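Listed below are the residues making up each chain.
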Amino acid sequence: MAVTVADPEPGAPHQPARTRRFPRAWLLRSSAALVSGFAYYLSFAPRPLWWLAPLAFAGLALVLRERRFRAGFGYGFAFGLTFFLPLLTWLLDFLGPDFGPWPWLGLSFALALYHGLAGGLITLVSRLPAAPLWGALVFIALETPRAWFPLGGFPWGRVAFSQPEGAFLPLASLGGAPLVGLAVVLTGFGLASLAARLGKARKFTRPAVLAVLGTLLPVVAGLALWPAIGTGAQDGELTVASVQGNAPDIGLALQGERALLRRDTLAESERLLAAVQAGKVPKPDLVVWPESATTVTGPDPQIDQLVATFGVPALIGAIYELPDRHLQNSVIAWDPHTGPGRRYAKQQLVPFGEYVPARKVAELVTPFLDQETVDMVPGDGANQTMDVAGTKVGVFICYETAFDYPARDAVRAGAELLVVPTNNAWYGRSEMSEQQLAMSRLRAVEHGRSVVVSAVSGVSAVVAPDGSVTSSTGLFTADSLVGRVPLRTQTTLSDQLGAWTEYGLLALAIAGVAGGLVLRFRTRRTSAGTAGEAAD
């Protein structure tokens, strides 16, 4: 049976149809895109396989090589779908069987469209000089709108979050998550360019040498920066206790078990207090409760008594009831003498967990919505950095770890230590908790600060300013951590540049796509003119 070659090379001469005994080229490329996407997923926590990420992007780049926009979109989408589907399986634990797989499938499909668009646009810049760099810029640039849409932004699965350790991590101190992501993708695309050039020329030509340099530069730069990552105390040290009270593994139904969360967190706090009084663990300077560990509607004598007995301040993760009866996910600074004080309210709320986007549509498929279901109110960023325990502590809550601005704003406001209360009990025994911890490790290096993660059911952790985990807990266990952390005041270049790094890379990517379109248009005009002259 005669078949034609699918997905022809741009500008390739027409080939007569011929019989094939092997799969079509598009099938091989599609398979390679799927395998590369899954390899990219494997590079994420809890697996310490950070080096798989550049290899996955090398596979994607080889698939996209000399393709047109439509084929690039399809291969990029396939890459993205096999990445997001396994990465986000924790949504099934979160929503439970009543929702079915549709939210998980729908979100994975929507996010894979961004990778599809990246694949298509990469084909437009593939003929520019330094094509691997332009391609990497395009891929990272599309992570920016993903923090805006869908569902108010969902940056989970950014390239940088695959790098909580390894050669690229120190780059976070220079340009944050965007620069780390760019380095990873550039290394992969450079490897692909080098392999393709050597495969054709079978010797080191000048372009091949440049490809080698482009591939090695991000790795060398990251390794060279490791000695410059500051970890020492600049304003003394603080002993911090993180309380993990534990919770039942019941997903979203945990919303109705707030009394149980409070009881368990109080019980673990009392066990920690007994250990302190017995001299088994050091007395902390600050006690941290996890996200939504209790509900605060007014005076709370029980927490007053607990904090007073510790004799040190506490940061209490609480659902706080406003005067108008609306709720805010908050962290309250609780003084052992004066009680509750300043309060930070979560700014970036979790879709379907803390508010319902497109409520009218969601009511058609969601069994939990009724007229009594009320969205939480997001905070305005006030009190994100609090004066507590004799230092400035920056707070951001759970889901906010995935966004760049909360930690950056806290450090710019003078935070010497970062604290992350979280409630990952919603997500069962999935990889979600480890994925989020990897983000906190990146933030530690990005801002040069220790990070204390306090989780309802794990993983709680104390993270050093170089991203290393000095202590941690297991999942679904009642436990506490007491660790001494350095307080640091020096800001990183990443903090000083702020969002300019991200928007600068975005502007370069837009310029590259525009340049690729101009080059393609001129090439077509030239080809048309040549064909016309030949006809004359």
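Our subject is the structure that appears above.
Draft legend 1. The pattern of salt bridges, seen in detail. Counted by the stated rule, this structure contains 15 salt bridges. Among the salt bridges present, the one from Arg441 reaches Glu165, with a minimum N-O distance of 3.2 Å. Within this pair, whereas Arg441 is found in helix H14 (residues 432–447), its partner Glu165 is found in the loop between helix H7 (143–146) and helix H8 (172–201), the two being separated by 276 residues in sequence. What makes Glu165 partly exposed here is its relative accessible area of 26%. Arg271 is paired through a salt bridge with Glu268; the nearest N and O atoms lie 2.8 Å apart. With Arg271 and Glu268 both in helix H10 (residues 258–277), this residue pair falls 3 residues apart, about one helical turn.

Draft legend 2. Quick look at the side chain of Ser430. One can find Ser430 in the loop between strand S9 (417–422) and H14. Separated by 2.8 Å, the side chain of Ser430 and the backbone oxygen of Tyr427 make a polar contact. At a separation of 3.3 Å, a polar atom in the side chain of Ser430 contacts the main-chain amide nitrogen of Met432. Contacts of Ser430, omitting those with residues within four sequence positions, involve Trp90, Asp93 and Leu475.

Draft legend 3. The packing of helix H3 (residues 69–87) against helix H5 (residues 102–124), seen in detail. Following both chains from N to C, one finds H3 and H5 inclined at 145°, their axes separated by 6 Å at the closest point. Between H3 and H5 lies a crossing whose hand is right-handed. In terms of residue class, the contact of H3 with H5 is built from 17 nonpolar, 9 polar and no charged.

Draft legend 4. Structural view of the sheet that holds strand S11 (residues 461–463). Strand order across the open sheet formed by 6 strands is S7-S8-S9-S10-S11-S12, with mixed pairing between neighbours. A single partner strand is all that each edge strand has here, and the edge strands are strand S7 (385–388) and strand S12 (469–472). Shown here is a sheet whose adjacent strand axes are inclined to one another by a mean of 20°, direction ignored. For S9 and strand S10 (residues 451–455), the ladder comprises 5 bridges, and the chain directions are parallel. Of the residues in S10, the one forming a bridge with Val419 is Val452.

Draft legend 5. The environment of Thr187, seen in detail. When you line up the elements, Thr187 lands in helix H8. Using a relative accessible area of 5% as the deciding quantity, one classes Thr187 as buried. Non-local contacts of Thr187, meaning those with residues more than four positions away in its chain, are made with Pro54, Phe168, Thr215, Pro218 and Val219. Within the structure, Thr187 has its side chain in polar contact with the backbone oxygen of Ala183 (distance 2.8 Å).

Draft legend 6. Local environment of a nonpolar patch on the surface. A surface patch of nonpolar side chains, about 270 Å² in accessible area, is lined by Trp51, Leu55 and Leu191. Its location among the elements puts Trp51 in the loop between helix H1 (25–42) and helix H2 (52–64). Judged by relative accessible area, Trp51 falls into the partly exposed class, the value being 41%.

Draft legend 7. Representation of helix H11 (residues 301–310) in the model. Here H11 has its buried residues at Ile303, Leu306, Val307 and Phe310. Down the axis, H11 shows its buried residues gathered within 90° of arc, on one side only. Those residues of H11 that are exposed and aimed more than 90 degrees away from the buried face are Pro301 and Gln305. Buried residues along H11 sit in contact with H10, strand S2 (286–288), strand S3 (294–296), strand S4 (314–321) and strand S5 (327–335). Two residues or fewer past H11, Gly311 is found with a positive phi of approximately 80°.

Draft legend 8. Region of interest: the environment of Met439. Mapped onto the elements, Met439 comes out in helix H14. Given a relative accessible area of 1%, Met439 falls into the buried group. The sequence separation of Met439 and Gly157 amounts to 282 residues, and the corresponding C-alpha distance is 9.8 Å. Sequence-distant contacts of Met439, defined by excluding residues within four places in its chain, comprise Trp156, Phe161, Thr401 and Ala402.

Draft legend 9. Main features of the pairing of strand S8 (residues 391–395). Counting buried residues along S8, 4 of its 5 residues qualify, which places the element largely inside the surrounding structure. Turn length for the S7-S8 hairpin, with the two strands adjacent in sequence and antiparallel, is 2 residues, and the turn residue Ala389 shows positive phi of about 55°. Regarding the hand of the β-α-β motif, the stretch spanning S8, helix H13 (residues 405–412) and S9 is right-handed.

Draft legend 10. The arrangement of the packing of aromatic side chains in detail. As enumerated under the stated definition, the model contains 22 aromatic pairs in all. Look at Phe38 and Tyr41: their rings are 5.4 Å apart centre to centre, the planes differ by 45°, and that puts the pair in the tilted class. Placement of both Phe38 and Tyr41 in helix H1 is noted, with a separation of 3 residues, approximately one turn of the helix. An aromatic cluster is present here, built from Trp90, Phe94, Phe154, Trp156, Tyr399, Phe403, Tyr405, Trp426 and Tyr427 joined pairwise through their rings. Of note, Arg47 hangs over the ring of Tyr41, and the distance from its end group to the ring centre comes to 4.6 Å.

Rules of the game
- Residues numbered from 1 in each chain as written.
- Predicted model: local features only at pLDDT ≥ 70, side-chain atom pairs only at ≥ 80, totals over all residues.
- Heavy atoms only, no water.
- Salt bridge = Lys/Arg side-chain N within 4 Å of Asp/Glu carboxyl O.
- Helix = DSSP H or I, 4+ residues; strand = E, 2+ residues; numbered from the N terminus.
- Buried < 20%, exposed > 50% of the residue type's maximum accessible area, 1.4 Å probe, protein only.
- Polar contact = N/O pair within 3.5 Å; in protein donor to acceptor, adjacent residues only side chain to side chain.
- Contact = heavy atoms within 4.5 Å.
- Axes fitted to C-alpha atoms, helices over the stretch in contact; angles between N-to-C directions.
- Left-handed = near helix turned anticlockwise from the far one by under 90°.
- Nonpolar A, V, L, I, M, F, W, Y, C, P; charged D, E, K, R; others polar.
- Pairing = 2+ DSSP bridges.
- Patch = residues over 30% accessible without salt bridge, like charges linked within 9 Å, V, L, I, M, F, W, Y side chains within 5 Å.
- Areas by Shrake-Rupley, 256 points an atom, 1.4 Å probe, with all protein chains shown as cover.
- Arc of directions from axis to C-beta.
- Right-handed = clockwise from strand over helix to strand, strands pointing away.
- Phe/Tyr/Trp six-rings, centres within 6.5 Å; stacked < 30°, edge-to-face > 60°.
- Lys NZ or Arg CZ within 6 Å of the ring centre and 35° of its normal.

On their own, these measurements won't tell you what the molecule is for.
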